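In case you want the letters, here they are:
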Amino acid sequence: MTKHRIYTMSFASVYPHYITKAEKKERTKSEVDEIIRWLTGYSQEQLEEKLEKKTDFETFFAEAPHMNPSRSLIKGVVCGVRVEDIEEPTMQEIRYLDKLVDELAKGKSMEKILRK
């Protein structure tokens, strides 16, 4: 079975789209970064390093220092698929991030997005 195309795409190539989506709805790059750090355990410096190196999505999630255990509380639909029903672990992590950025763009409070 061949890998999904997103796995080999650089995280840095999609990251600006997360920022644009948030900023169109009066949210900020720092909020997007906070969501990514919360989900993956990367520090801001580590995140910037991954972006600079143009790390692919699969490696980005595989090397994440500490995936947040509360991510299992993320529910809902992204691209017509329920994130909680995705069986492939890397794809589920990617879709969790998509869902969190969607929630940010929809105006949810950071407290709710970060499942506090």
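Look up: the structure comes first, before these words.
This structure is a prediction, so every number in the text was calculated from the model and none was measured.

**Student:** I'd love a proper account of the overall build of the protein chain, names of residues and values included.
**Tutor:** From N to C terminus, the protein chain includes seven helices and two strands. The order of α-helices and β-strands along the protein chain, N terminus first, is α-α-α-α-α-β-β-α-α. Against the globule reference of 13 Å for 116 residues, the protein chain gives a C-alpha radius of gyration of 13 Å, in line with a compact fold. A total accessible area of about 6,700 Å² is found for the protein chain, and carbon and sulfur atoms account for 50% of it. Between the mean site of the 21 positive side-chain charges and the mean site of the 21 negative ones, the protein chain shows a separation of 4 Å.

**Student:** How would you summarise the environment of Ser70 if you had to cite specific residues and measurements?
**Tutor:** Looking at the element boundaries, Ser70 is found in the loop between helix H5 (57-62) and strand E1 (77-78). Here the alpha-carbon distance between Ser70 and Lys116, two residues 46 residues apart in the chain, equals 8.9 Å. Once you skip the residues sitting within four places of it in the chain, Ser70 turns out to touch Trp38 and Arg115.

**Student:** Quick one: what's the story with the environment of Ser13, residue by residue and with numbers?
**Tutor:** Checked against the element boundaries, Ser13 lands in helix H2 (residues 11-24). Under the relative-accessibility criterion, Ser13 is labelled partly exposed at 35%. Taking the C-alpha atoms as reference points, Ser13 and Phe57, 44 residues apart in sequence, are found 9.9 Å from one another.

**Student:** Mind laying out helix H4 (residues 44-52), listing which residues take part and the relevant values?
**Tutor:** Buried within H4 we find Gln44, Leu47, Lys50 and Leu51. Down the axis of H4, the smallest arc covering the buried residues is 125 degrees, so these residues share one side. Turned more than 90 degrees away from the buried face of H4 sit Glu45 and Glu52, all of them exposed. If you follow the buried residues of H4, they end up packed against H2, helix H3 (29-40) and H5. Of the residues flanking the end of H4, it is Lys54, one or two places downstream, whose phi is positive at about 55 degrees.

**Student:** A description of the packing of aromatic side chains should follow, citing residues and the corresponding values.
**Tutor:** Applying the stated rule across the entire model yields seven aromatic pairs. Here the aromatic rings of Phe11 and Phe60 are separated by 3.9 Å at their centres, their planes lie at 5 degrees, and the arrangement is stacked. Taken together, the residues Phe11 in helix H2 and Phe60 in helix H5 connect sequence positions 49 residues apart. Taken as a pair, Phe11 and Phe60 share a single burial class, namely buried. Where Phe60 meets Phe61, the ring centres are 5.3 Å apart and the plane angle is 90 degrees; that geometry is what we call edge-to-face. Comparing Phe60 with Phe61, the two get one shared label, buried. Taken together through their ring pairs, the aromatic side chains of Phe11, Tyr15, Tyr18, Tyr42, Phe57, Phe60 and Phe61 make up a single cluster.

**Student:** Go over the pattern of salt bridges with me, naming the residues and quoting the values.
**Tutor:** Counted according to the given criterion, the structure contains 10 salt bridges. Taking the shortest distance from any N to any O, the salt bridge between Lys29 and Asp33 comes out at 2.8 Å. Taken together, the residues span about one helical turn, with Lys29 and Asp33 both in helix H3 at a distance of four residues. Via salt bridges that share partners, Glu103, Lys108 and Arg115 belong to a single interconnected network.

Quick notes on the rules
- Residues numbered from 1 in each chain as written.
- Predicted model: local features only at pLDDT ≥ 70, side-chain atom pairs only at ≥ 80, totals over all residues.
- Heavy atoms only, no water.
- Helix = DSSP H or I, 4+ residues; strand = E, 2+ residues; numbered from the N terminus.
- Rg over C-alpha atoms; globule rule 2.2 N^0.38 Å.
- Areas by Shrake-Rupley, 256 points an atom, 1.4 Å probe, with all protein chains shown as cover.
- Lys, Arg positive; Asp, Glu negative; His and termini not counted.
- Charge placed at Lys NZ, Arg CZ, Asp CG, Glu CD.
- Contact = heavy atoms within 4.5 Å.
- Buried < 20%, exposed > 50% of the residue type's maximum accessible area, 1.4 Å probe, protein only.
- Arc of directions from axis to C-beta.
- Phe/Tyr/Trp six-rings, centres within 6.5 Å; stacked < 30°, edge-to-face > 60°.
- Salt bridge = Lys/Arg side-chain N within 4 Å of Asp/Glu carboxyl O.

On their own, these measurements won't tell you what the molecule is for.
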